[in-house]
Amino acid sequence: MGDTMLETRAANLPKGSQVALAELTDPAEWKPDFAVPFNQRTIGGKIVISNDFGDWLFLTQEEFRDFVEGRPQPGEPLYEKLKRANFVASEIDFLDQSLRWRRKKEYLFYGPTLHAFVLTHRCNHGCQYCHSSIVGMDRMDTDMSIETAEKGVDLAFQTTAHGLTIEFQGGEPTANWDVLRHIVEYAREKNKTAKKILSFALVTNLSLMDDEKLEFLLDRHVQICTSLDGPEDLHNQIRIFRDGNSHQTLLTWMKKINQRYVDMGLDPNQYRVEALPTITRPSLTRWKEIVDTFVEVGCRAVFLRKLDPFGFAAKSAKTLGYSMDEFLEFYANAVDYIIELNRQGVQVMERHAAIMLNKILADDEPNYLDLRIPGGACIGQLGYAPDGSIYSSDEGRFVASMGDDMFRIGSVDDSYQDLMGGAATRALVMAGLNDGHPDCVSCVYKPWCGQQVEYNYKTQGSLHGHMRDSTWCKKHKSIFDYLMHKLEAADEKDMEMFRLWTTNRTLDHFIV
Amino acid sequence: MAQSQIEQLDPASSTLVLSLDVDLYSRDVLYAAAYVFIDRAYILLDRDADRYMVRMRAKQKMPDETMRAMAGEFENELLAQALREQVGKANQAIIEGITALAISGATAVAESHADGPGLDGFVDDPKGLGAPWQNKEEAPEG
Amino acid sequence: MSAAQAAGAAATVRFHKELYDEQAIADATATFADYARFGVRGEGDHFVVDISDLDSEIEGDIVAEFCNFALANSAALRRNDG
């Protein structure tokens, strides 16, 4: 509800459109058995077509008409082009495509890999958009206990996935340092027999960091992620820290940690503190400064995250919020600038774009949980609350912090089989399929898009959501449109740049 | 070539009523085409004898020409959905066959992982934070 | 489909049984239950939905949005049921 698309379109964001079939073709001439199922969309002067395998092509209007009418003959350039891209039904190699499907849907065959432990609701920041039900630093009753933590780790290790990432969140997770430390040691000990590909990630504002904590984190190979909203005044305006200057504290520690990575002999191009911005209303005109800040602190990637509808973010929507069109205009400005920087030799990319290009150009499936089918709820990730409740995801926990336990699927006292096989998990997985969405099935971006059921529920009152009316759909379709226009107009140098953005490698050092 | 007919077009109330023969398109095509417009209009489908009636009221006031354009878009959307339906009927079995083949091979692949750490969860990037800027050719083997 | 609702206003909508699924209508009434009262009955070829006690503080047209939800739910259910 209240998630309709009444706004006008962002002026600088090129939009795809419906293909004018009525003008292009006569239904009496269609040869539906020529093609594999496909979808189409007008991009600039061309028509992009895609199939369920993830292949895509730009066609001229004439080529598209010939394709729909089944006119291309073997040996002709158009036929060969369509054949190479797996659009000619009679030419499909079933074994090749099944292996390809299996490779890209690998995640269907194992359990959740991401296990987010909320160690406490306490935090020393009062960020205006914060998701969680944040409490003051004296509320130690909101900390996760050692007993709950151990039960949570025991549960996480039951995942059928070989890869297991334990992520520490809050509140400010380092406020419950003893439990964080215990989880790391306990999980490492368990892994001596479990032999998972184990990694840890810490999401922290760095304000409680000290040398002793850092030594532990570096020694135990814990990856460190933080929040950086841009230049100092913008960051400190939103991320309110009464005990000091949040931005300066953050940058001091980022610099120190990055230097320690260098001292440890790690490649500074790969190993650095990962920082993420959240875009708020005051950010909208400051896209250039935000990107510049990330470049200055040595980040190679900027993840331009829209303010989401969960928790405090919903309460502060009137002061910090903006329409999807405003975000998309910001996004296009920022990514245009990032592309310009790349042309000048600066290595920086935007994460949404990189994830999508990874799928489109590299035919990869990075298993990014917000953009896969089915969505990552339960079967890709689990969220562990301090009281031992288990949620479908981070977002599921955020909904709970707003007083709605819709996404609580159980507790650390339940068995893994009961959690994964339960009715709640099944319902969330089913809702996260885009084959059930009337709009998604006819969308040219279907092979690369995804669902987040928690977002659907929060914004539209239904797990399934109505994509045509959904800002989730609007955001992703618009970014896909933007990228498709860039690809349509790209020269060889631009294509090389986009291919570099698709590189996605494992940070081996963080594997325990 | 228009196969739907404008029954009513009233810019004052932003209302557009289209009708089409019930035998022209399947209900799935009608649903899919109507669905595409729910971001711009309030829609009520009905049937009057052998005609489907599509009543649309624009969410924002629209001039006459925009409403006529919307009628044209609806016609176009019916065609697009009909094309999709026809291709699906002809060749959806290809997709289903490939999916079945891929899933039937899953057990064997899963067993191959039992020898040691596999790739699952290793090259994954669930948070979208994978490290960029390394050429594929240089990437270490999993 | 009415214009923006007046306080405590009521409306009646008729959904053709061939085009709207009963469960889809029930799901839509559940979605909008906080904003109005709904009564569903069959009448010939139609499901008739009597809507009353419309929440006058909600911006927008609850009845019209409800119709869109009933349509979208019907389309989705038909897809999921094959």
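Residues numbered from 1 in each chain as written. Chains lettered and ligands numbered in written order. Predicted model: local features only at pLDDT ≥ 70, side-chain atom pairs only at ≥ 80, totals over all residues. Heavy atoms only, no water.

**Q** Would you explain the overall build of chain A in this entry?
**A** When its secondary structure is counted, chain A shows 20 helices and 15 strands. Computed over the C-alpha atoms, the radius of gyration of chain A is 24 Å, within 12% of the 24 Å expected from 2.2 N^0.38 for a compact globule of 512 residues. Overall, chain A is about 75 × 50 × 50 Å in size when its C-alpha atoms are taken along their principal axes. Going through the 512 residues of chain A one by one, you find that 64% of them count as buried. (Helix = DSSP H or I, 4+ residues; strand = E, 2+ residues; numbered from the N terminus. Rg over C-alpha atoms; globule rule 2.2 N^0.38 Å. Buried < 20%, exposed > 50% of the residue type's maximum accessible area, 1.4 Å probe, protein only.)

**Q** What is the right way to read the overall build of chain C from this model?
**A** In terms of helices and strands, chain C carries two helices and three strands. Reading chain C from its N terminus to its C terminus gives the helix and strand order β-α-β-β-α. Expressed as a percentage of its 82 residues, the buried residues of chain C come to 45%. A sequence separation of at least 24 residues applies to 71% of the contacts in chain C between residues at least 6 apart. Total accessible area on chain C stands at roughly 3,800 Å², and carbon and sulfur atoms take up 42% of it. (Contact = heavy atoms within 4.5 Å. Areas by Shrake-Rupley, 256 points an atom, 1.4 Å probe, with all protein chains shown as cover.)

**Q** Sorry if this is basic, but what is going on with the interface of chain B and chain A here?
**A** Think of interface size as the accessible area that goes away when the parts come together; that is how it is often given. Counting residues at the interface gives 55 residues for chain B and 81 residues for chain A. When chain B packs against chain A, close to 6,200 Å² is buried across both sides, 63% of that on carbon and sulfur atoms. One can count one salt bridge joining chain B with chain A. Between A:Asp469 and B:Lys59 there is a salt bridge; the shortest N-O distance is 3.6 Å. There are 13 residue pairs in polar contact (both at pLDDT 80 or more) connecting chain B and chain A. (Buried area = accessible area lost by both parts, 1.4 Å probe. Salt bridge = Lys/Arg side-chain N within 4 Å of Asp/Glu carboxyl O. Polar contact = N/O pair within 3.5 Å; in protein donor to acceptor, adjacent residues only side chain to side chain.)

**Q** Even after reading the chapter, I still don't get the sheet that holds strand β4 (residues 51-58) of chain B, so can you show me in this structure?
**A** Within a sheet, adjacent strands bond to each other through the backbone by hydrogen bonds, running parallel or antiparallel. Residue and element names in this part refer to chain B. Ordered by their spatial adjacency, four strands build an open sheet running β1-β2-β4-β3, and the pairing between neighbours is antiparallel. The sheet is open, and its two edges are formed by β1 (4-10) and β3 (41-48), each paired on a single side. Averaged over all pairs of adjacent strands, the angle between their axes in this sheet comes to 20 degrees, without regard to strand direction. Of the pairings in the sheet, the one linking β1 to strand β2 (residues 15-21) comprises six bridges and is antiparallel in character. Its bridge partner lying in β2, aspartate 10 is registered against threonine 15. Against the sheet, helix α1 (residues 27-35) touches β2, β3 and β4, its axis set at about 160 degrees to β3. Each of β1, β2, β3 and β4 touches helix α2 (residues 64-104); the most contacted strand, β1, lies at about 155 degrees to it. (Pairing = 2+ DSSP bridges. Axes fitted to C-alpha atoms, helices over the stretch in contact; angles between N-to-C directions.)

**Q** Help me understand the interface of chain C and chain B in this model?
**A** Across the contact, 20 residues belong to chain C and 18 residues belong to chain B. Measuring nitrogen to oxygen at the nearest pair gives 2.7 Å for the salt bridge that ties C:Asp61 to B:Arg57. Put simply, chain C and chain B have 11 residue pairs in polar contact (both at pLDDT 80 or more) between them. For the side of chain C that touches chain B, the elements supplying multiple residues, two or more each, are β1 (11-16) and α2 (62-80) of chain C. Ranked by residues supplied to the side of chain C that touches chain B, first place goes to α2(C) with nine residues. For the side of chain C that touches chain B, the per-class residue count stands at 10 nonpolar, five polar and five charged. (Nonpolar A, V, L, I, M, F, W, Y, C, P; charged D, E, K, R; others polar.)

**Q** Would you explain the domain arrangement of chain A in this entry?
**A** Its domain assignment divides chain A into domain 1 (21-104) and domain 2 (113-227 + 383-431). For domain 1 of chain A versus domain 2 of chain A, the separation of C-alpha centres amounts to 46 Å. (Domains from an automatic or database assignment.)

**Q** It is not clear to me how the packing of aromatic side chains should be interpreted in this structure. Could you clarify?
**A** Any two aromatic rings considered together are summarised by their centre-to-centre distance and by the angle between their planes. By the definition in use, this model includes 30 aromatic pairs over all chains. Arranged with centres 6.1 Å apart and planes meeting at 85 degrees, the rings of A:Phe67 and A:Phe87 form a pair that is edge-to-face. Placement of A:Phe67 in helix α2 (residues 61-68) and of A:Phe87 in the loop between α3 (77-84) and α4 (94-104) is noted, with a sequence separation of 20 residues between them. The buried category is assigned to A:Phe67, whose relative accessible area is 1%. Taking the relative accessible area as the measure of exposure, A:Phe87 reaches 0% and is therefore buried. When the centroid spacing of 4.7 Å and the interplanar angle of 35 degrees are considered together, the rings of C:Phe38 and C:Phe66 count as tilted. Separated by 28 residues along the polypeptide, C:Phe38 in strand β2 (residues 37-43) and C:Phe66 in helix α2 bring together distant segments of the chain. The class for C:Phe66 is buried, based on a relative accessible area of 0%. (Phe/Tyr/Trp six-rings, centres within 6.5 Å; stacked < 30°, edge-to-face > 60°.)

**Q** I'm lost on the side chain of A:Arg220 in this one. Help?
**A** Residue and element names in this part refer to chain A. By the secondary structure assignment, arginine 220 is in the loop between α7 (211-219) and β7 (222-227). We classify arginine 220 as buried; its relative accessible area is 17%. Leave out the neighbours within four places in its chain, and arginine 220 touches Val184, Glu185, Arg188, Phe200 and Val512.

**Q** Just checking my understanding: could you explain the nonpolar core for this structure?
**A** Soluble globular proteins: nonpolar side chains tend toward being buried together. Residues and elements named next belong to chain A. By size, the foremost hydrophobic cluster in this structure holds 127 residues, and its most contacted members are Phe168, Met484 and Trp501. Sorting elements by how many residues they give to this core places helix α13 (residues 324-343) first, with 12 residues. Mapped onto the domain boundaries, this core takes at least three residues apiece from domain 1 (21-104) and domain 2 (113-227 + 383-431). Sequence-distant contacts of phenylalanine 168, defined by excluding residues within four places in its chain, comprise Phe117, Leu119, Pro173, Leu180, Ile183, Val184, Phe200, Ala201, Leu202 and Val203. (Core = buried A, V, L, I, M, F, W, Y, C linked by side-chain atoms within 4.5 Å.)

**Q** Got a minute to help me understand unusual backbone geometry in this structure?
**A** Excluding glycine, a negative phi dihedral is what most residues carry, and trans is how most peptide bonds are arranged. Residue and element names in this part refer to chain A. A cis amide bond, omega 15 degrees, links glycine 170 with the succeeding residue glycine 171. In this structure, glycine 171 sits in the loop between β5 (163-169) and α6 (177-194). Omega for the peptide link from isoleucine 373 to proline 374 comes to -10 degrees, which places this bond in the cis form. When you line up the elements, proline 374 lands in the loop between α14 (351-362) and β13 (381-384). At asparagine 86, a position not held by glycine, the phi torsion is positive, near 60 degrees. The phi dihedral of cysteine 378 falls on the positive side, at around 70 degrees, and the residue is not glycine. When you line up the elements, cysteine 378 lands in the loop between α14 and β13.

**Q** Explanation requested: a nonpolar patch on the surface in the structure shown.
**A** On the surface, A:Phe94, A:Leu95, A:Leu99 and B:Leu101 cluster together to form a nonpolar patch covering roughly 370 Å² of accessible area. When residues in the nonpolar patch are grouped by element, the largest group, three residues, is from α4(A). Along the polypeptide, B:Leu101 turns up in helix α2. Residue classification places B:Leu101 among the partly exposed positions, given a relative accessible area of 35%. (Patch = residues over 30% accessible without salt bridge, like charges linked within 9 Å, V, L, I, M, F, W, Y side chains within 5 Å.)

**Q** What exactly am I supposed to notice about the pattern of salt bridges here?
**A** Think of it this way: side chains of opposite charge can pair up when their charged atoms draw near. Residue and element names in this part refer to chain A. Across all of its chains, the model carries 49 salt bridges over all chains by this definition. Of the charged contacts in the structure, one is a salt bridge between lysine 46 and glutamate 488, with a shortest N-O distance of 3.7 Å. Here lysine 46, found in strand β2 (residues 46-51), pairs with glutamate 488, found in helix α19 (residues 471-489); they are 442 residues apart in sequence, far enough to count as distant. Classification of glutamate 488 by relative accessible area gives partly exposed; the value is 27%. Its salt-bridge partner being lysine 190, residue aspartate 154 comes within 3.0 Å of it at the nearest N-O pair. Here lysine 190 lies in helix α6 and aspartate 154 lies in helix α5 (residues 146-156), a separation of 36 residues in the sequence. The exposure class of aspartate 154 is partly exposed, given its relative accessible area of 27%. One continuous salt-bridge network, built from bridges that share partners, spans Asp55, Arg100, Arg103, Lys104, Asp363 and Asp364.

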